[in-house]
Amino acid sequence: MSVEDALRDVLKKAMVHDGLARGLRECAKALDKRQAHLCVLNESCTEAEYIKLIEALCAEHKINLIKISDPKLLGEWAGLCKLDKEGVARKVVGCSCVVVKDFGQESEALNVLLEYFASR
């Protein structure tokens, strides 16, 4: 299982257990209160201050940070979309930052991510 697949699964499980914070305001609050376990940042964000803030909060509180290149993909993984009858994502909203506050349940995907962070 790749790190990207594991990240997608972890975000889906966290979303089901109401453990995601999406957007700058929610993410900054969760990071500052040290409620976050993992932060996913879109590296193609146009606001340099946005990226600096999230990276600084993650570094200050020692929170794991992963960067993703596609904002639409991150939005889809974070549940910022509508699903049609076949389960295909429609009307996907781009997302710049997602924070996992609660992983939900233990899974193979979570173990893959934790091993990835331990090896970095």
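Analysis parameters
- Residues numbered from 1 in each chain as written.
- Predicted model: local features only at pLDDT ≥ 70, side-chain atom pairs only at ≥ 80, totals over all residues.
- Heavy atoms only, no water.
- Buried < 20%, exposed > 50% of the residue type's maximum accessible area, 1.4 Å probe, protein only.
- Helix = DSSP H or I, 4+ residues; strand = E, 2+ residues; numbered from the N terminus.
- Pairing = 2+ DSSP bridges.
- Right-handed = clockwise from strand over helix to strand, strands pointing away.
- Patch = residues over 30% accessible without salt bridge, like charges linked within 9 Å, V, L, I, M, F, W, Y side chains within 5 Å.
- Areas by Shrake-Rupley, 256 points an atom, 1.4 Å probe, with all protein chains shown as cover.
- Salt bridge = Lys/Arg side-chain N within 4 Å of Asp/Glu carboxyl O.
- Lys, Arg positive; Asp, Glu negative; His and termini not counted.
- Charge placed at Lys NZ, Arg CZ, Asp CG, Glu CD.
- Contact = heavy atoms within 4.5 Å.
- Core = buried A, V, L, I, M, F, W, Y, C linked by side-chain atoms within 4.5 Å.

A. Geometry of the pairing of strand β2 (residues 38-42). Of all 5 residues in β2, 5 are buried, a share of seventy percent or more. The alternating pattern of β2 places L38, V40 and N42 on one face and C39 and L41 on the opposite face, and all of these are buried. Bridge count for β2 against strand β3 (residues 64-68) is 5 bridges, and the pairing is parallel. Along β3, the bridge assignment pairs V40 with I66. Running through helix α3 (residues 48-61), the crossover from β2 to the neighbouring parallel element β3 is right-handed.

B. Representation of a positive patch on the surface within the structure. A surface patch of positive charge is lined by R25, K29, K33 and K101. Along the chain, K33 turns up in the loop between α2 (24-32) and β2.

C. Region of interest: the side chain of H61. Within the element layout of this structure, H61 appears in helix α3. Those residues within four positions of H61 in sequence are excluded, and the remaining contacts are L31, D32 and R34.

D. Structural detail: the nonpolar core. Counting 22 residues, the largest nonpolar core has L7, L11 and L38 as its most contacted members. The set of elements that each furnish at least two residues to this core consists of α1 (3-16), β2, β3, α4 (71-77), β6 (97-100) and α5 (108-119). Aside from chain neighbours lying at most four places away, what touches L7 is L38, V40, I66, I68, W77 and L113. One finds A21, A30, I51 and V99 within the second-largest nonpolar core, a separate group that totals 18 residues.

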